[in-house]
Amino acid sequence: MSRKSSDHEYNLRSLSNLMGERRKKPNDDTGERSLIKAASSSSINSQATATAASTGDLERAARKQFQEDVTPSFVYVLAGFSALGGFLFGYDTGVVSGVMLLLKKEMNLSALWQELLVSSTVGAAALSALAGGVLNGFWGRRPCILLASFLFSVGAVMLSVAPSKEILLVGRVVVGLGIGVASMTVPVYIAESAPTHLRGRLVTINTLFITGGQLFASVIDGAFSYLPKDGWRYMLGLSLFPAVLQFFGFLFLPESPRWLIQKGKTQKARRVLSQIRGNQNIDEEYDSIKTSIEDEEKESGGDGPVIWRMLTYPPTRRALIVGCGLQMFQQLSGINTVMYYSATILQMSGVKDDKMAIWLAAVTAFTNFTFTLLGVWLVEKVGRRKLSLGSIAGTALSLFVLAVGFLVSAQHSPPITLHPADPSTLNNTCTTYGFCSDCMLNPDCGFCYLLNGSSVVDSSCDHVNKASTGEAAWGRCSNETAMADGTFWAYNYCPTSYSWTVLMGLIMYLIFFAPGMGTMPWTVNSEIYPLWARSTGNACSSGVNWMFNVLVSLTFLHVTEYLTYYGAFFLYSGLAALGFLFIYGCLPETKGKKLEEIESLFENQLCTCGVSDSDEGRHVEYIRVKGSNYHLSDNDASDVE
């Protein structure tokens, strides 16, 4: 008997185990085509039925184990080259933390220019992520990843040779365009190519590569911070190598099989499925994808722009709200403030040496990477929902600790004991402050002081030299020679013995954030949309992520000026708490479900889909019943042709 006929025999046998004595009429309202069998049923009426069901479960488990055992290594190669896009995403967003400390001195960057160089990248990423939905639907996943690699390469070259801050800005925009396309394409490509039992783990590996890129960037920042000049050029230019590697790797990798089927390229899709599934029978998966595409196009109306069809079709509208909400709260909980400005934040807490701040930022990046590894391990064990809830609850608590650390530092801020008169040509606002913490909130002022052991003495708040923030405009801290006698100049931080509380808060933050909120928004968004809406859904959610990324990164330094350092992190803590309520009410569990099954999770009203875990442990099997689609209960019986 052929493999295909044995599969049909298997389906009929499973069906007979799951049906009772009567036939259920078609459900015309929902068009649902699933057969749900509870893991343990209280309505089994005979020992024979129980034995048959047990046999079906054993066969199903054996099939699943066989599929897991023969997963070809090509799937991992495909995921690895794809995730290089995540590595570049992480590197180009993480490297800026150390670069800013060097650039603001070498190019005398104001707070506005610092924010522009950071936020221009994420602004460009937001636009290209939105455009990526159209490009993915028209060109496919593979050409979009090749485009992202090309943009990364061009941007790296521009940044490494930039003669001015204006060219730096253009280079950061080009890199941002690559980041946006990669951020929405790579998770979709991996999710559509991976087998069901590995999908969550392989998509999460992309986030692992993002954090690995950030860690590598922090180490590079630390290593090149010792160069007397132009160390930032090497920091920004080294991303060229992984970009070129990914570009040439993807010249030999296939297109997503689901995209090929959607475009009618069925023979090519079967070849790709055979390539990435090895010796497994692909007929069932191929038929499931093709049937799902046909039914989804009928249910969604089939006409008009995809985004309009998504918004007018309730399940995809609810999925879009959940996906965009996850990405929004990922950013509002402050992750990229921490990653972009980690070295600056540590300086704000009282770490006065640039190199020390950069290496401590590398410690936070290592923590992020390590606990993302934990997320890769937990995603298929704990599930997306529980991991996200635990993560964002811990994130809110950590941000609260971080805020308290800054608050304690502010309450023990050194007093200003000297008030020398400024020359009449300068703004004398700086001389009116009574404490260092107040002086630091004014970007035009710095703190000049002497150390007597560990105590701060003879301190003053002086005007910053417009040519360089590394010295005062006049007086004893106006040049490095004068400061050689033990006088210190602090710009953007106050000397304090409570810096450890901020470092502890940062590490605690990443311990909680990395396994869940760092990975789950990307993983969940790659799963929850039907194929016809997947590119557009991921483009919209990625665009939301980058727009809120721009909002947070562009306003961080100004928020700290107006709300104080601790006020800014109290704000982020409150926003993370709101995110917990959203996830608790609205995010369903997608662990263990086929991509073609997940749409049914959003058939209920929004923010009721995540409340109950009652479907966990159920097995969902799609069947084709002659003449119509049926929704069968555990005790229903039917003849199937």
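Our structure is the block above this text.
Please read all numbers here as calculations on a predicted model, not as lab measurements.

The rules behind the values
Residues numbered from 1 in each chain as written. Predicted model: local features only at pLDDT ≥ 70, side-chain atom pairs only at ≥ 80, totals over all residues. Heavy atoms only, no water. Pairing = 2+ DSSP bridges. Helix = DSSP H or I, 4+ residues; strand = E, 2+ residues; numbered from the N terminus. Patch = residues over 30% accessible without salt bridge, like charges linked within 9 Å, V, L, I, M, F, W, Y side chains within 5 Å. Areas by Shrake-Rupley, 256 points an atom, 1.4 Å probe, with all protein chains shown as cover. Salt bridge = Lys/Arg side-chain N within 4 Å of Asp/Glu carboxyl O. Lys, Arg positive; Asp, Glu negative; His and termini not counted. Charge placed at Lys NZ, Arg CZ, Asp CG, Glu CD. Buried < 20%, exposed > 50% of the residue type's maximum accessible area, 1.4 Å probe, protein only. Polar contact = N/O pair within 3.5 Å; in protein donor to acceptor, adjacent residues only side chain to side chain. Contact = heavy atoms within 4.5 Å. Core = buried A, V, L, I, M, F, W, Y, C linked by side-chain atoms within 4.5 Å. Disulfide = S-S within 2.5 Å. Axes fitted to C-alpha atoms, helices over the stretch in contact; angles between N-to-C directions. Parallel < 35°, antiparallel > 145°, perpendicular 65-115°, else oblique. Left-handed = near helix turned anticlockwise from the far one by under 90°. Nonpolar A, V, L, I, M, F, W, Y, C, P; charged D, E, K, R; others polar.

## Quick notes on the pairing of strand β2 (residues 445-452)
In step 1: Here β2 runs beside strand β3 (residues 455-463); their pairing, made up of 7 bridges, is antiparallel. Within the sheet, the bridge partner assigned to Gly446 lies in β3 and is Asp462.
In step 2: In terms of strand pairing, β2 meets strand β4 (residues 487-490) through 4 bridges, oriented antiparallel. Directly across from Phe447, in β4, lies its bridge partner Ala490.

## Structural notes on a positive patch on the surface
In step 1: Taken together, the side chains of Lys263, Lys265, Lys268 and Arg271 present a region of like positive charge at the surface.
In step 2: Along the chain, Arg271 falls in helix α12 (residues 266-277).

## What to know about the side chain of Ser239
In step 1: If you trace the backbone, Ser239 turns up in the loop between α9 (231-237) and α10 (240-250).
In step 2: Ser239 sits in the buried class, given a relative accessible area of 2%.
In step 3: Here Leu236 takes part through its backbone oxygen, which lies 3.4 Å from a polar atom of the side chain of Ser239.
In step 4: Look past the residues within four positions of Ser239 in its chain and what remains in contact with it is Leu88, Tyr91, Asp92 and Ala156.

## Considerations on the nonpolar core
In step 1: One finds Val99, Leu103, Phe152, Leu168 and Trp546 to be the most contacted residues of the largest nonpolar core, which totals 65 residues.
In step 2: Top contributing element to this core by residue count: helix α7 (residues 165-193), with 9 residues.
In step 3: Dropping the residues within four chain positions of it, Phe152 is found in contact with Gly85, Leu88, Phe89, Asp92, Val175, Gly178, Ile179, Ala182 and Ala243.

## Some thoughts on the environment of Phe252
In step 1: For Phe252, the position within the fold is in the loop between α10 and α11 (257-262).
In step 2: Of the residues examined, Phe252 reaches a relative accessible area of 69% and is grouped as exposed.
In step 3: Separated by 174 residues in sequence, Phe252 and Leu78 place their C-alpha atoms 10.0 Å apart.

## Looking at the state of the cysteines
In step 1: Per the counting criterion, the structure on display carries 4 disulfides.
In step 2: The residue that forms a disulfide with Cys439 is Cys461, at a sulfur-sulfur distance of 2.1 Å. Judged by the torsion about the S-S bond (85°), the Cys439/Cys461 disulfide is right-handed. Here the residue Cys439 occupies a position in helix α20 (residues 436-440), and Cys461 occupies one in strand β3, the gap between them amounting to 22 residues. Each of the two residues, Cys439 as well as Cys461, counts as buried.
In step 3: The thiol of Cys540 is not disulfide-bonded; the next cysteine sulfur, from Cys324, is found 5.9 Å away.
In step 4: When its relative accessible area of 17% is taken as the criterion, Cys540 is described as buried.

## Concerning the packing of helix α3 (residues 73-94) against α7
In step 1: Contact pair α3 / α7: the axes reach a minimum separation of 9 Å and the direction vectors enclose 150°. Overall, the two elements α3 and α7 adopt an arrangement that is roughly antiparallel. Crossing handedness for the pair α3 and α7: left-handed. Every residue of α7 that contacts α3 at Leu78, Ala79, Ser82, Ala83, Gly85, Phe89, Asp92 and Thr93 is listed here: Arg172, Val175, Ile179, Ala182, Ser183, Val186, Tyr189, Ile190 and Ser193.
In step 2: In terms of residue class, the contact of α3 with α7 is built from 10 nonpolar, 5 polar and 2 charged.

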